[in-house]
Amino acid sequence: MTDVRKEGALSDEELLDQSGPAIEVKGLSSVFGDHVVHQNLDLTVKRGEVLGVVGGSGTGKSVLLNTIIGLRDPDEGEVTVFGQQLWRASRRRWSALERSWGVLFQGGALFSNLTVRENVAAPMFEHTKLSRREAHELADLKIAMVGLRPDAGSLKPAELSGGMRKRAGLARALALDPELLFLDEPTSGLDPIGAAAFDELIRDLADSLDLTVFMITHDLDSLYEITDRVAVLADKHVVATAPVHELERSDHPWIREYFLGPRGRAARDARSGTKD
């Protein structure tokens, strides 16, 4: 039985495993009625890496993300984050887990009735005892960290461009100084210049803050430019996890079509500065 009083005296760092993988998924099954999305899915995310997650439509990329962050119960299998099995974690350890990660959903998922500053400060009000002034000062630091101009904090989401909303959502995801960052299609809807700038921002933040990044994306440029490894979802599980240059040599039909098709070759050649 867990000693709740003992746990209450521990810091988040002491509650969570600081040595093993950031995420371990073992034997995961996800079922919706008669439709099996995942079956016996295994995935390990190493600490400090930027992992891209790709797969065709219906392969359950967002289902996997939602299961890892506890928004959906697995039908079978186990999910462990920083050494804690999600469905066995005590309330104290679960709270520590929530503070250890940040999530950027598609579109930013900002509260429309709050300013950017208030959106970024919201997790601080929920999980800390900071005063309103302290939270807003820290929110302004996060807003600057993601490259938004100083006056953006007073704007509502409707007053922002698509790229600015992405950055505001990223600032909120970083509000509690997480170790683990989840990104769901972070460059979707951005023009090529904006997408490249956002990729560079993610890579710089991952390096400077020592973040582990779990990134769902269809953007081949992102996969080539900023990921350390890519996990490929197909056939109801992860069929490969490797750096992009290794996936280019895969015999799997979907992987070959994805990375060696016209768009994949263009992304590879743009990075290498060559043409076939």
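Heads up: these notes are all about the structure in this document. (Residues numbered from 1 in each chain as written. Predicted model: local features only at pLDDT ≥ 70, side-chain atom pairs only at ≥ 80, totals over all residues. Heavy atoms only, no water.)

### Remarks on helix α11 (residues 253–260)
Residues of α11 that are buried include every one of Ile255, Tyr258 and Phe259, and no others. Along the axis of α11, the buried positions cluster into a sector of 80 degrees, meaning they face one direction only. In α11, the exposed positions that point more than 90 degrees away from the buried face belong to Pro253 and Glu257. (Buried < 20%, exposed > 50% of the residue type's maximum accessible area, 1.4 Å probe, protein only. Helix = DSSP H or I, 4+ residues; strand = E, 2+ residues; numbered from the N terminus. Arc of directions from axis to C-beta.)

### Topic: the side chain of Arg72
Considering the arrangement of structural elements, one finds Arg72 in the loop between α3 (61–68) and β4 (76–81). Discounting chain neighbours no more than four positions away, the residues touching Arg72 are Ser30, Val31, Phe32, Val63, Asn66, Thr67 and Trp87. (Contact = heavy atoms within 4.5 Å.)

### Brief notes about the packing of aromatic side chains
With the rule as written, the count across this model stands at 5 aromatic pairs. Both rings, one in Trp94 and one in Trp101, keep their centres 6.0 Å apart while their planes meet at 85 degrees; by these two values the pair is edge-to-face. With relative accessibility at 9%, the residue Trp101 sits in the buried group. Between Trp254 and Tyr258, the aromatic rings sit 4.6 Å apart at their centres with planes inclined by 15 degrees, giving stacked as the arrangement. Pair noted here: Trp254 and Tyr258 are both in helix α11, with a separation of 4 residues, about one helical turn. Site record: aromatic cluster; members linked through ring pairs are Trp94, Trp101, Phe182 and Phe214. (Phe/Tyr/Trp six-rings, centres within 6.5 Å; stacked < 30°, edge-to-face > 60°.)

### Quick look at the environment of Glu78
In this structure, Glu78 sits in strand β4. Considering only alpha carbons, one finds Glu78 and Asp42, 36 residues apart in sequence, at a separation of 9.4 Å. If sequence neighbours within four positions are ignored, Glu78 has contacts with Glu24, Val25, Lys26, Gln85 and Arg88.

### Quick notes on the pairing of strand β10 (residues 237–242)
As paired elements, strand β9 (residues 229–234) and β10 share 5 bridges and run antiparallel to each other. Across the sheet, residue Val230 finds its bridge partner in β10, namely Ala242. Counted between consecutive antiparallel strands, the loop separating β9 from β10 contains 2 residues, among which Asp235 sits at a positive phi close to 55 degrees. (Pairing = 2+ DSSP bridges.)

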